[in-house]
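Here is what each chain is made of, one letter per residue.
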Amino acid sequence: MKTIKNRNKNGRPVKGLSEKKAYKVTVKMATEEFYTLKAKAKLAGINRCEFIRRCISSGVVQQRLTPELMQHIRQLCGMANNVNQIARTANAAGYFDVHLRCLEMNERLAKVIKRIENDC
């Protein structure tokens, strides 16, 4: 019996290891989240699994704020309160008495904003 070496086997070509989907992830969702996923996948014209895969590959998740950045934000909040107090004083006593305090506060605000910009 003769065998043909380059015989066409028909059917789908064998996938490489990098193409095979070997991992399964189970996710629990609330009802609203599930129906949102279902609607978005239908709108995109793909199934839910493919929609999630595309979200993973092209989606962006922002990292949480670092402790240093949170400290800078708290400083800004404190300075905002100080600015409000200065504005009240300026309205009550007149601008000339409060002028130096305003200049000092502006410098401190500029320093904190520069620190936040450098961290981001």
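The structure this text deals with has already been given above.
Residues numbered from 1 in each chain as written. Predicted model: local features only at pLDDT ≥ 70, side-chain atom pairs only at ≥ 80, totals over all residues. Heavy atoms only, no water.

1. Overview of the nonpolar core
Consideration 1: Of all hydrophobic cores here, the largest spans 9 residues; its members are Leu-69, Met-79, Ile-86, Ala-90, Val-98, Met-105, Leu-109, Val-112 and Ile-116.
Consideration 2: When contributions to this core are tallied by element, the ones reaching two or more residues are helix H3 (67-93) and helix H4 (95-119).
Consideration 3: The element that contributes the greatest number of residues to this core is H4, accounting for 5 residues.
Consideration 4: The contact partners of Met-105, leaving out residues within four places of it in the chain, are Met-79, Asn-82, Val-83 and Ile-86. (Core = buried A, V, L, I, M, F, W, Y, C linked by side-chain atoms within 4.5 Å. Buried < 20%, exposed > 50% of the residue type's maximum accessible area, 1.4 Å probe, protein only. Helix = DSSP H or I, 4+ residues; strand = E, 2+ residues; numbered from the N terminus. Contact = heavy atoms within 4.5 Å.)

2. A word on the packing of aromatic side chains
Consideration 1: On inspection of all chains with the given rule, the structure shows 1 aromatic pair.
Consideration 2: Geometrically, the ring pair formed by Phe-34 and Tyr-35 is edge-to-face, given 5.4 Å between the ring centres and 75 degrees between the ring planes. (Phe/Tyr/Trp six-rings, centres within 6.5 Å; stacked < 30°, edge-to-face > 60°.)

3. Digging into the side chain of His-72
Consideration 1: One can find His-72 in helix H3.
Consideration 2: Those residues in contact with His-72 that lie beyond four places of it in its chain are Val-112, Arg-115, Ile-116 and Asp-119.

Purely geometric numbers; function is a separate question.
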